[in-house]
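# Chains, contacts and geometry: an overview
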Amino acid sequence: AIGIGIFDHYQRKKYEVDKYEVNFAANKTAFVSVANRVLSYYNSEKLKNEDLEYITITSPPDLNWKLTCKTTDGKSYSVPQYASANDKTVYGYIVAAFAETQNKDLMTIKVTEDRIIFGGRPFYSIVYMKDGSKPDYVLFENENYSSIFVEEIADGWYQVIGKK
């Protein structure tokens with residue numbers, strides 16, 4: 001057990017986890033709430049378009065959400081989505097949690113069939129895996145990282161950092 005702890009400490013240092021780590025524990029309720037909301041958007045779009053591969057959600061300063069849907073044939077289309085006052089408040093907690101780190105920004109939320117990714121700078125994300133399995137990429141499957149650090153932070157939730 002001691003060796004594992006030392007290895008974990010080494011890995012955290014190698015990937016500079018403390019520099020980018022979002023305080024997930026303090027904001028778990030917000031992450032879960034937004035995850036449920038964006039999953040409902042994904043499921044709704046999937047019913048309309050079975051070729052849907054993923055959606056990304058970005059937020060301009062007014063915190064209304066913009067959904068971009070990408071299909072398996074590479075096409076994309078946008079769906080404006082009204083965000084309620086509660087959505088904006090809860091989403092604001094996540095934006096603030098990212099802002100407190102050296103990562104600074106929540107860049108996008110990506111929803112696929114098996115995961116929800118809260119992506120910061122290209123090399124950091126908080127990922128919810130629907131089946132609880134360990135994620136194998138940060139934001140996109142074809143990333144060019146030499147390695148990734150994956151740490152479970154709650155049941156089914158992980159923080160993931162890529163290293164070039």
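Source: prediction; values computed, not measured. (Residues numbered from 1 in each chain as written. Predicted model: local features only at pLDDT ≥ 70, side-chain atom pairs only at ≥ 80, totals over all residues. Heavy atoms only, no water.)

## Some words on the packing of helix 3 (residues 24-48) against helix 4 (residues 85-99)
Running from N to C, helix 3 and helix 4 cross one another at 120°; their axes reach a closest spacing of 9 Å. When the interaxial angle is binned, helix 3 and helix 4 end up oblique. Pair helix 3 / helix 4 crosses with left-handed handedness. Two secondary-structure elements touch here, helix 3 through Asn27, Ala30, Phe31, Ser33, Val34, Arg37 and Tyr41 and helix 4 through Asp87, Val90, Tyr91, Tyr93, Ile94, Ala97 and Phe98. A breakdown of the residues in the contact of helix 3 with helix 4 according to their chemical character gives 10 nonpolar, 2 polar and 2 charged. (Axes fitted to C-alpha atoms, helices over the stretch in contact; angles between N-to-C directions. Helix = DSSP H or I, 4+ residues; strand = E, 2+ residues; numbered from the N terminus. Parallel < 35°, antiparallel > 145°, perpendicular 65-115°, else oblique. Left-handed = near helix turned anticlockwise from the far one by under 90°. Contact = heavy atoms within 4.5 Å. Nonpolar A, V, L, I, M, F, W, Y, C, P; charged D, E, K, R; others polar.)

## Describing the pattern of salt bridges
Using the criterion set out here, one finds 6 salt bridges in the structure. Glu45 is paired through a salt bridge with Lys48; the nearest N and O atoms lie 3.3 Å apart. Residue Glu45 and its partner Lys48 are both found in helix 3; the two are separated by 3 residues, about one turn of the helix. With a relative accessible area of 6%, Glu45 lands in the buried category. Taking the relative accessible area as the measure of exposure, Lys48 reaches 62% and is therefore exposed. Residues Arg115 and Asp136 are paired through a salt bridge, measuring 3.4 Å at the closest nitrogen-oxygen approach. Highlighted residues: Arg115 in strand 5 (residues 115-119) and Asp136 in the loop between strand 6 (124-129) and strand 7 (147-154), separated in sequence by 21 residues. Its relative accessible area of 5% is what places Arg115 among the buried residues. The exposed category is assigned to Asp136, whose relative accessible area is 55%. (Salt bridge = Lys/Arg side-chain N within 4 Å of Asp/Glu carboxyl O. Buried < 20%, exposed > 50% of the residue type's maximum accessible area, 1.4 Å probe, protein only.)

## Concerning the nonpolar core
Counting 36 residues, the largest nonpolar core has Phe31, Val38, Ile55, Phe98, Ile109, Phe118 and Ile126 as the members making the most contacts within it. When residues in this core are grouped by element, the largest group, 8 residues, is from helix 3. (Core = buried A, V, L, I, M, F, W, Y, C linked by side-chain atoms within 4.5 Å.)

## With respect to the sheet that holds strand 2 (residues 65-71)
Strand pairing within a sheet occurs via backbone hydrogen bonds; the two strands may be parallel or antiparallel. Taken in spatial order, the 8 strands of this open sheet run 3-2-1-4-5-6-8-7, and their pairing is antiparallel. A strand with exactly one partner marks an edge of an open sheet, and here the two such strands are strand 3 (76-81) and strand 7. Between one strand axis and the next, the sheet turns through 20° on average, direction left out of account. Where strand 1 (residues 52-58) and strand 2 come together, 6 bridges link them in antiparallel fashion. If you follow Tyr54 over to strand 2, its bridge partner there is Lys70. (Pairing = 2+ DSSP bridges.)

## Considerations on the pairing of strand 4 (residues 108-112)
A large share of strand 4 lies buried, amounting to 5 of its 5 residues. Here strand 4 shows a buried face lined by Thr108, Lys110 and Thr112 and a second buried face lined by Ile109 and Val111. Where strand 4 meets strand 5, 4 bridges bridge the pair, whose relative direction is antiparallel. In the strand pairing of strand 5, Thr108 is matched with Gly119. With antiparallel pairing between neighbouring strands as the criterion, strand 4 and strand 5 make up a hairpin whose turn holds 2 residues.

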